[in-house]
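A structural walkthrough
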Amino acid sequence: MAGGGVIGVGGGDSRKPYPGNLTPYVTITCIVAAMGGLIFGYDIGISGGVTTMTPFLQKFFRKVWEKKEADKSTNQYCQYDSQTLTMFTSSLYLAALLSSLVASTVTRRLGRKLSMLFGGLLFFAGALINGFAKAVWMLIVGRMLLGFGVGFANQSVPLYLSEMAPYKYRGALNIGFQLSITVGILIANVLNYFFAKIKGGWGWRLSLGGAMVPALIITVGSLVLPDTPNSMIERGQTEEARAKLKKIRGVDDVDEEFKDLVAASDASKLVDHPWTNLLQRKYRPHLTMAILIPFFQQLTGINVIMFYAPVLFNTIGFGDDASLMSAVITGIVNVGATLVSIYGVDKWGRRFLFLEGGVQMLICQAVVAACIGAKFGVSGNPGDLPKWYAIAVVLFICIYVAGFAWSWGPLGWLVPSEIFPLEIRSAAQSVNVSVNMIFTFAVAQVFLSMLCHLKFGLFLFFAFFVVVMSIFVYYFLPETKGIPIEEMNQVWRSHWYWSRFVEEADYSNGGMEMSKGNHVPKNV
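Criteria and cut-off values
Here the residue numbers are simple positions, counted from 1 along each chain's written sequence. Local features in this predicted model are restricted to residues of pLDDT 70 or higher, and side-chain atom pairs are both shown and tallied only at a pLDDT of 80 or more, whereas totals for entire chains, interfaces and linings draw on every residue. As a convention, hydrogens and water are excluded, and side-chain values are obtained from all of the structure's heavy atoms. UniProt positions are given in the numbering used here, feature names are shortened, and annotations may be inferred rather than shown by experiment. Secondary structure is summarised from DSSP: a helix means a run of H or I of at least four residues, a strand means a run of E of at least two, and numbering begins at the N terminus for each. Buried means the residue's accessible area, taken with a 1.4 Å probe over protein chains only, is under 20% of the maximum for its type, while exposed means over 50%, and partly exposed covers the values in between. Method for areas: the Shrake-Rupley scheme with a 1.4 Å probe, in which residue coverage is limited to the protein chains shown. The span you would expect from a helix comes to 1.5 Å times its residue count less one. Angles run from 0 to 180 degrees between N-to-C directions of axes, and those axes are lines fitted to C-alpha atoms, restricted for helices to the stretch in contact. Roughly parallel covers angles under 35 degrees, roughly antiparallel covers those over 145, roughly perpendicular covers 65 to 115, and oblique covers all other angles. Each crossing gets its hand from how the near helix is turned against the far one by less than a right angle, where anticlockwise is left-handed and clockwise is right-handed. We call two residues in contact when some of their heavy atoms are within 4.5 Å. In these notes, a set of buried Ala, Val, Leu, Ile, Met, Phe, Trp, Tyr and Cys residues joined through side-chain atoms within 4.5 Å is what counts as a nonpolar core. Classification of ring pairs uses Phe, Tyr and Trp, with its six-membered ring standing for Trp, and accepts pairs whose centres are within 6.5 Å; under 30 degrees between planes counts as stacked, over 60 as edge-to-face, and the remaining range as tilted. For a lysine, the NZ atom is tested; for an arginine, the CZ atom; a charge sits over a ring if that atom is within 6 Å of the ring centre and within 35 degrees of the ring normal. By convention in these notes, a salt bridge is any Lys or Arg side-chain nitrogen within 4 Å of a carboxyl oxygen on Asp or Glu. Residue-level confidence of the predictor is what pLDDT reports, using numbers from 0 through 100.

Labelled according to an unreviewed UniProt entry, the chain appears under the name Major facilitator superfamily (MFS) profile domain-containing protein, originating from Gossypium mustelinum. We quote the UniProt Subcellular location (unreviewed entry) comment for the chain here in full: "Membrane". Listed in UniProt under the heading Sequence similarities (unreviewed entry), the comment for the chain reads: "Belongs to the major facilitator superfamily. Sugar transporter (TC 2.A.1.1) family."

Some words on the overall build of the chain
Helix and strand counts for the chain come out as 24 helices and 2 strands. A total of 524 residues make up the chain; the buried ones form 61% of that total. Counting every atom, the chain has about 19,800 Å² of accessible surface; 66% of that belongs to carbon and sulfur.

What about helix α7 (residues 136–164)?
In this model, α7 (29 residues) spans 42 Å end to end at C-alpha, consistent with the 42 Å of a helix rising 1.5 Å per residue. Within α7, 23 of the 29 residues are buried, leaving the element largely enclosed by the surrounding structure.

Observations concerning the packing of helix α15 (residues 284–298) against helix α20 (residues 408–419)
In contact at an axis separation of 10 Å, α15 and α20 are set at 170° when each is read in the N-to-C sense. It follows from the interaxial angle that α15 and α20 lie roughly antiparallel. Where α15 crosses over α20, the two elements pack in a sense that is left-handed. Only W408, G409, G412, W413, V415, P416 and I419 of α20 make contact with α15, whose side of the interface consists of H286, M289, I293, F296 and Q297.

Topic: the nonpolar core
The biggest cluster of nonpolar side chains holds 61 residues, and the ones touching the most others in it are M289, W408 and L411. Excluding anything up to four places from it in sequence, M289 contacts P294, I419, F472, F476, L477, W492 and W498. Counting 57 residues, the second largest nonpolar core, distinct from the first, contains V26, W65, A215 and F441.

Looking at the packing of aromatic side chains
On inspection of all chains with the given rule, the structure shows 29 aromatic pairs. Seen from their ring centres, Y193 and F194 are 5.3 Å apart, and the 85° between their planes marks the pair as edge-to-face. By relative accessible area, Y193 is classed as buried at 17%. Measuring from ring centre to ring centre gives 4.9 Å for Y474 and Y475, while their planes differ by 85°; the resulting arrangement is edge-to-face. Over the face of the ring belonging to F60 we find K59, whose NZ or CZ atom lies 5.7 Å from the ring centre. The ring of Y193 is capped by K197, whose NZ or CZ atom sits 4.7 Å from the centre of that ring.

Quick look at α20
Between its first and last C-alpha, α20 extends 16 Å over 12 residues, near the 16 Å set by a 1.5 Å rise per residue. Most of α20 is tucked away, with 12 of its 12 residues classed as buried. Buried residues of α20: W408, G409, P410, L411, G412, W413, L414, V415, P416, S417, E418 and I419, and no others.

Section: the pattern of salt bridges
The final tally for this structure, using the stated rule, is 10 salt bridges. Here R143 ties to D43 by a salt bridge, and the two come within 2.7 Å at their closest N and O atoms. Residue R143 is found in helix α7, and its partner D43 is found in helix α2 (residues 37–50); the two are separated by 100 residues along the sequence. Summarising the burial analysis for this pair, R143 and D43 share the class buried. When the shortest N-O distance is used, the salt bridge between R170 and E418 registers 2.7 Å. Within this pair, whereas R170 is found in helix α8 (residues 170–195), its partner E418 is found in helix α20, the two being separated by 248 residues in sequence. Comparing R170 with E418 shows no difference in burial state: the two are buried. Where salt bridges share partners, they join R112, E163, E234 and R425 into one cluster.

Points about the side chain of S499
Checked against the element boundaries, S499 lands in helix α24 (residues 499–502). Apart from residues no more than four positions distant in its own chain, S499 is found in contact with W492 and R493.

A look at the environment of A442
Within the secondary structure, A442 sits in helix α21 (residues 425–454). Counting along the chain gives 349 residues from A442 to Y93, while the straight-line C-alpha distance between them is 9.2 Å.

Remarks on the packing of α2 against helix α10 (residues 212–224)
Between α2 and α10, the least distance of the axes is 8 Å, while the angle of their chain directions is 170°. With respect to α10, the axis of α2 lies roughly antiparallel. Considering only the axes of α2 and α10, their crossing is left-handed. Where α2 abuts α10, its residues L38, I39 and Y42 lie against P214, A215, I217 and I218.

Notes on the confidence of the model for the chain
In low-pLDDT regions, the fine details of the predicted coordinates are not to be read closely. Chain-level pLDDT for the chain is 80 on average; 82% of the residues reach the 70-or-more range. Segment residues 1–15 is flagged for pLDDT under 50; beyond a separation of four residues in sequence, or across chains, it makes 40 contacts in the model. Across residues 506–524 the pLDDT falls below 50, and counting only partners more than four positions away or on other chains, this stretch makes 63 contacts in the model.

Below, the structure is given as structure tokens:
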């Protein structure tokens with residue numbers, strides 16, 4: 001297979017089966033750490049629901065509300081085309097972009113735990129301000145603080161999970177971060193549904209202020225969690241790191257893995273400027289993945305599908321609560337499909353899930369585009385839709401969400417966090433988070449206008465990118481299942497394309513050099 005990550009060359013298998021077990025200590029630690037995803041997920045779910053609440057619009061975006069009430073157009077494509085509201089939602093991602101650059105330095109020099117602590121405190125402050133907001137400027141300040149918190153959490157949590165987990169279970173434990181994101185979205189959607197029914201119109205304050213709960217979880221968690229051996233070695237705590245490695249692996253024989261971690265740390269200390277170092281030829285595959293994987297993740301079209309669901313659910317008969325109820329249903333599908341990914345990522349591999357998810361999303365987008373185009377046309381007026389027709393379209397939307405939730409959703413965070421060598425890990429993860437936030441902002445800001453102008457053709461626009469990214473995965477993304485994180489350089493050296501960038505480099509990733517004879521690693 002063109003893009004396959006065949007590790008052994010010349011019949012040899014270069015993997016090092018580091019001793020270790022999936023201990024209860026590591027399991028509980030990773031579950032607590034993964035809850036850092038709750039803050040990101042909760043905000044995604046809450047912001048969309050709050051902007052549909054009439055009391056919220058009347059208080060902070062009255063002109064938008066008046067326009068909505070005055071506009072009796074039946075054009076469903078342009079019904080929600082408001083740059084003011086989308087800026088309220090998407091401003092968080094700009095703040096996350098800025099904070100991720102600072103979070104890179106904090107994560108590397110002060111540790112993953114402290115970066116998580118900063119994320120929790122900043123998110124708590126933002127939630128507090130938003131919950132008591134009296135004016136638009138308070139909302140914006142709160143959103144910025146929320147964004148800073150998300151930037152720190154998204155920088156540190158995936159790295160923490162990848163470094164703590166035994167390599168055989170790294171995929172499943174790392175996807176716990178994505179599971180927390182989907183659970184956060186679901187909880188937020190359920191709360192929005194009930195808070196919107198509160199008499200007096202102040203339910204939106206509970207929705208926004210409720211973000212303090214997940215913020216407290218990651219804040220307290222960061223104080224009680226142990227630091228990763230990688231981070232401890234990086235900060236000179238060598239003996240403590242050896243003891244910690246024995247505890248988290250549940251065995252005394254950790255010499256081989258420990259030596260590789262120390263060697264990786266020594267190599268990273270030789271790098272004075274990791275940002276500049278990223279541009280070196282031998283890091284070309286890492287930089288490419290740090291940019292293209294989050295880029296493609298946001299251009300799957302998931303935002304378009306999630307947006308259009310309320311119109312279709314309304315036809316089924318959910319009435320005035322259609323948008324909130326549909327978000328709950330798709331949220332349940334999202335969580336369930338992420339559990340499938342946790343079960344299968346270390347059994348079936350990353351590439352299989354990427355490719356299967358891409359085919360599934362492509363088929364569903366084509367079907368939804370055809371159905372919407374046939375009934376809504378270019379006028380955006382569907383007339384009377386039969387319930388069976390709407391149910392069929394909603395079914396394909398749920399299948400699409402499931403495909404995303406067990407492929408590009410979790411793997412978009414997992415794969416970048418596990419492929420970077422220690423000397424560039426924090427900087428490369430910062431690039432990954434930054435690109436993700438840039439395109440999350442861009443898609444959130446413009447896709448409603450694009451929907452208004454491209455109409456059902458927008459579904460085909462994103463379907464094109466699904467095709468491109470699936471081809472990219474097939475040819476250029478090697479399999480990383482079952483490879484110890486400090487031996488990840490193997491997959492690049494044995495890859496049909498990326499080997500030309502790294503095979504002649506003095507690549508001391510994880511303290512190992514590859515002999516050109518059979519690609520078997522040896523300790524430095």
